[in-house]
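Residues per chain are reported as follows:
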Amino acid sequence: MSIIPEGWALFVVDIEYTVPFKQVQTVIAPHMDFVKQAYEDGRFVSSGAKVPRTGGVIVMMAPSLEEAQAYLSADPFVTANVATYRYTQFMPRNLHSALK
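Residues numbered from 1 in each chain as written. Predicted model: local features only at pLDDT ≥ 70, side-chain atom pairs only at ≥ 80, totals over all residues. Heavy atoms only, no water.

**Structural notes on the side chain of His-31**
Its place among the elements puts His-31 in helix H2 (residues 28–40). Every residue in contact with His-31, bar those within four places of it in the chain, is listed here: Asp-75, Pro-76, Phe-77 and Tyr-85. (Helix = DSSP H or I, 4+ residues; strand = E, 2+ residues; numbered from the N terminus. Contact = heavy atoms within 4.5 Å.)

**Observations concerning the pattern of salt bridges**
Within the structure shown, the criterion is met by five salt bridges. In this structure, Glu-40 engages Lys-36 in a salt bridge whose closest nitrogen and oxygen atoms are separated by 3.9 Å. You can see Glu-40 and its partner Lys-36 sitting in helix H2, four residues apart, about one turn around the helix. Note on accessibility: Glu-40 and Lys-36 belong to one class, exposed. We note a salt bridge from Arg-43 to Glu-67, for which the minimum N-O separation is 2.5 Å. Of the two residues, Arg-43 is situated in the loop between H2 and strand E2 (44–49) and Glu-67 in helix H3 (residues 65–72); the sequence distance between them amounts to 24 residues. On the basis of relative accessibility, which here comes to 24%, the residue Glu-67 falls in the partly exposed class. One salt-bridge network, held together by shared partners, links Asp-14, Glu-16, Lys-50 and Arg-86. (Salt bridge = Lys/Arg side-chain N within 4 Å of Asp/Glu carboxyl O. Buried < 20%, exposed > 50% of the residue type's maximum accessible area, 1.4 Å probe, protein only.)

**Comments concerning H2**
The terminal C-alpha atoms of H2, which comprises 13 residues, lie 18 Å apart, in line with the 18 Å expected from a rise of 1.5 Å per residue. Taken as a whole, H2 has its buried residues at His-31, Phe-34, Val-35 and Ala-38. All buried residues of H2 project into a common sector of 100° when viewed along the axis, lining one side. Turned more than 90 degrees from where H2 packs its buried face, Ala-29, Asp-33, Lys-36 and Glu-40 sit exposed. At its buried positions, H2 is contacted by E2, H3, helix H4 (76–79) and strand E4 (83–90). Once H2 ends, the next one or two residues include Gly-42, with phi positive near 75°. (Expected span 1.5 Å × (residues − 1). Arc of directions from axis to C-beta.)

It is worth stressing that arrangement in space is one thing and function is another; only the former is reported here.
See the structure below:
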């Protein structure tokens, strides 16, 4: 049995900061609270900052693109308008054994 619910897809979410990093820093603590909750909700598979620090990447699960977008609309990075999110949906066909 996979950790990915039947019929759900994975999404790679590419986050790009749209303001200077100094402004992003004011929202990092609430963003990290949101990230912690997303893991507790079983939505995030992996996440982290880009190198260099121009944004981040999230791998998440959702039943649809619209639901993924709605879920992430509550992220403080979105509500504070400090970043843009680009979504790539894919249906996992091959998984690492830890994800099966």
